[in-house]
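# Fold and contact review
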Amino acid sequence: MLQENTIEAKISDYIDRKRDTYIQISDEIWNYAEIRFQEHQSANLLKQALIQEQFTIEENIGQMETAFIGSWGQGKPVIAILGEYDALSGLSQQGGVAQQNPIEVNGNGHGCGHNLLGTGSLAAAIATKQYMEEHQLSGTIRYYGCPAEEGGSGKTFMVRAGAFDDVDIALCWHPADMNGIMGVGTLANIQATFKFKGRASHAAVAPHLGRSALDAVELMNVGSNFLREHIIPEARLHYAITNSGGISPNIVQSEASVLYLIRAPKTTQTQEIYERIIDIAKGAALMTSTDVEVIFEKACSNVIPNDTVQQIMYNQFEQMGVPEFDDVDNEFAQKIRDTLSEHDKNSSILGKLPAYRTIEASQKNNALFSALLPYDQNLMRLTMPGSTDVGDVSWVVPTAQIVTSCHARGTQLHSWQAVATGNTPIAHKGMLQAGKVIASTAVYLFENPDQIMIAQQELKEALSGEVYESPIPQDVLPSILKNQITDVD
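Keep in mind that this is a model prediction, so the values were computed, not measured.

### Thoughts on the layout of surface pockets
Of the voids in this model, the second largest pocket is the one considered here, and its volume is about 440 Å³. If you go around the second largest pocket, you meet 16 residues; those closest to its centre are S12, M320, E324, Q433 and K436. If you tally residues by element for the lining of the second largest pocket, the top one is helix α14 (residues 425-447), at 4 residues. Split into classes, the residues belonging to the lining of the second largest pocket amount to 7 nonpolar, 4 polar and 5 charged.

Next up, the structure:
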């Protein structure tokens, strides 16, 4: 029970009064399930909610139709709350059902919970505005509508466009199967398409006249797989053949394409590996007498955690408490957990830190995580092998994130189980609690601007004189890639 008249109690009350509205918005976005750069309905819904609360809207940020900024207030400090709302292709799934059952075969689904992420951040921005208004706090609160986190790096384009140049602090969250500070680093990445062009011919009558683009793709992949031994062990290479040249084996394939995603701890390392991959592609083209076109799609930087803001967020999380679940929630979560493999159930990052092992052991019989992980600065030494475009924001603005329990323990993101839970009371409770923690953190920072200066100095020291450069070249524009949708983050 929160003590009356505290910041936390007031923020909690602001959000609880509008909880039905936020749940409806989240569920509508879950239903839309719009993939990268196509989130028009989702973005419009969020914009309308902000307009109703007297936020001013700036659209088409970074030349992206579904990117926007909602602002309220004026002057410094400027605090940004990041929202996402893109879904994943191929993850259509009925909600509230503990068995795989797509609504539409090969349709889209919110397998990473961005319907929750965007709406929880919305709740936080509106609650912060209400508190600022009632208590006459100076400063600016902003909601950043960030599209295409999945395979599009929308935030990276926004950072490149200068959308964060005057921001003092950025706050975010992500749905998860636990509660705590997301204080780990991430991998930088580069995504690029390699299109090979050859010459078609009859594969039996005149194979010598053909030049197979598919052969080139396969040789490139073989070369890249041999490269794995000769790059740093923390790096990752992923690829998907997006155009195999047709379905007729009696025709030499004249066109074929492969999409690559390259990850490494640093942007410079990613760039080095990318250039080696390009050389392999050129070699494959030379071996097959084909031509290759390299299309740079997108990139993002690694996350730089900020201990100052993370400590503040953790303190607010302690005050707010974790989501509270009932017997119905636990029963459904257990049904979901019963569909998970033992590997899924035991793949948590928690065991890597001694301070977390006791907490993990205490939760082993729970279908839903019911504790708050203690804040451990050693988190900042760990690197999550995934990627996020929040990384680019963290290079230019002190940034912190939390995770809240929105899924059964062991649920993997980008899975049908995550989609199935994404419009249930379990997810709603985690979403609303995240909004409360973010809003109370924002208010604390508005009232304690000295902490913002400390956080900014920490970021400066962490960079050690290194200057941010966008990993996406200036001539690369956001694209929908309608015939080549792949979700890779």
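There's plenty left to go through after this.
### Some thoughts on the side chain of S26
Mapping S26 onto the fold places it in helix α2 (residues 19-32). Excluding its chain neighbours within four sequence positions, the residues that come into contact with S26 are N115, L116, T119 and M431.

### Some points on the confidence of the model for the protein chain
Overall, the predicted model of the protein chain reaches an average pLDDT of 94, with 97% of residues at or above 70. Per-residue pLDDT stays below 50 along residues 481-486; that stretch engages in 16 contacts with residues further than four places along the chain or on separate chains.

### Quick word on unusual backbone geometry
Following K76, the chain continues into P77 via a peptide bond in cis, with omega recorded as -5°. Among the secondary structure elements, P77 is positioned in the loop between β2 (68-74) and β3 (78-84). One non-glycine residue, N60, adopts positive backbone phi at about 55°. Along the chain, N60 falls in the loop between β1 (56-59) and β2. Unlike most non-glycine residues, N106 shows phi in positive territory, near 65°. Along the chain, N106 falls in the loop between β3 and α4 (114-135). For N106, a relative accessible area of 68% gives the class exposed.

### Description of the sheet that holds strand β8 (residues 188-197)
Strand pairing in a sheet relies on backbone hydrogen bonds. The paired strands run either parallel or antiparallel. Read from one edge to the other, the open sheet built from 4 strands follows the order β9-β10-β8-β11, with strand pairing classed as antiparallel. Both outer strands of the open sheet, β9 (236-243) and β11 (291-300), are each paired with one neighbouring strand and no more. Sheet twist, expressed as the mean angle between neighbouring strand axes with direction ignored, is 20°. With 9 bridges connecting them, β8 and β11 associate as antiparallel partners. Of the residues in β11, the one forming a bridge with I190 is A299. Lying over the sheet, helix α6 (residues 213-227) contacts β8, β9 and β10 (255-264), oriented at roughly 20° with respect to β10. Relative to the sheet, helix α7 (residues 267-288) contacts β8, β9, β10 and β11, its axis offset from that of β8 by approximately 10°.

### Quick notes on the pattern of salt bridges
One pass over the structure, following the stated rule, counts 13 salt bridges. We note a salt bridge from K155 to E84, for which the minimum N-O separation is 2.5 Å. Placement of the pair is K155 in helix α5 (residues 154-160) and E84 in strand β3, with a sequence separation of 71 residues. Here D329 ties to K429 by a salt bridge, and the two come within 2.5 Å at their closest N and O atoms. Pair noted here: D329 is in helix α9 (residues 327-337) and K429 is in helix α14, with a separation of 100 residues, a long-range link. What makes D329 buried here is its relative accessible area of 4%.

### Some thoughts on helix α3 (residues 40-52)
Counted at 1.5 Å a residue, the expected span for α3 with its 13 residues is 18 Å, and the 18 Å between its end C-alpha atoms agrees. Where α3 is concerned, the buried positions are S42, A43, L45, L46, K47, A49 and L50. Of the surrounding elements, those touching the buried residues of α3 are α2, β1, β2, α4 and β4 (139-146). Backbone geometry just after α3 places Q54 at a positive phi near 70°.

### Some details on the nonpolar core
A general tendency of soluble globular proteins is for nonpolar side chains to be buried together. Among the nonpolar cores identified, the biggest contains 118 residues, and I11, Y144, F164, F194, F196 and M220 are the most heavily contacted of them. The dominant element in this core, judged by the number of residues it contributes, is α14, at 11 residues. For I11, the contacting residues outside a window of four places in its chain are A127, Y131, M320, K436, A439, S440 and V443.

### A closer look at the pairing of β4
Of all the 8 residues making up β4, 8 are buried; the element is thus mostly covered by neighbouring parts of the structure. Residues of β4 alternate between two faces, with G139, I141, Y143 and G145 on one and T140, R142, Y144 and C146 on the opposite face, all of them buried. By the bridge criterion, 7 bridges tie β2 to β4 in an arrangement that is antiparallel. Each residue of the ladder has a partner; that of G73, found in β4, is T140. Looking at chain direction, β3 and β4 are connected through 7 bridges and run parallel. Bridged to I79 within β4 is I141. Regarding the hand of the β-α-β motif, the stretch spanning β3, α4 and β4 is right-handed.

### A few points about the environment of A33
Checked against the element boundaries, A33 lands in the loop between α2 and α3. For A33, a relative accessible area of 7% gives the class buried. Note: C-alpha distance between A33 and G109 (76 residues apart in sequence) is 5.3 Å. When residues no more than four places from it in sequence are discounted, the contact partners of A33 are A87, N108, G109 and H110.

The rules behind each value
- Residues numbered from 1 in each chain as written.
- Predicted model: local features only at pLDDT ≥ 70, side-chain atom pairs only at ≥ 80, totals over all residues.
- Heavy atoms only, no water.
- 1 Å grid on protein atoms, 1.4 Å probe; cavity = no way out; pocket = protein on both sides within 12 Å on 5 of 7 lines; lining within 4 Å.
- Points joined across faces, edges and corners; volume = space filled by probe spheres on them.
- Helix = DSSP H or I, 4+ residues; strand = E, 2+ residues; numbered from the N terminus.
- Nonpolar A, V, L, I, M, F, W, Y, C, P; charged D, E, K, R; others polar.
- Contact = heavy atoms within 4.5 Å.
- pLDDT = per-residue confidence, 0-100.
- Buried < 20%, exposed > 50% of the residue type's maximum accessible area, 1.4 Å probe, protein only.
- Pairing = 2+ DSSP bridges.
- Axes fitted to C-alpha atoms, helices over the stretch in contact; angles between N-to-C directions.
- Salt bridge = Lys/Arg side-chain N within 4 Å of Asp/Glu carboxyl O.
- Expected span 1.5 Å × (residues − 1).
- Core = buried A, V, L, I, M, F, W, Y, C linked by side-chain atoms within 4.5 Å.
- Right-handed = clockwise from strand over helix to strand, strands pointing away.

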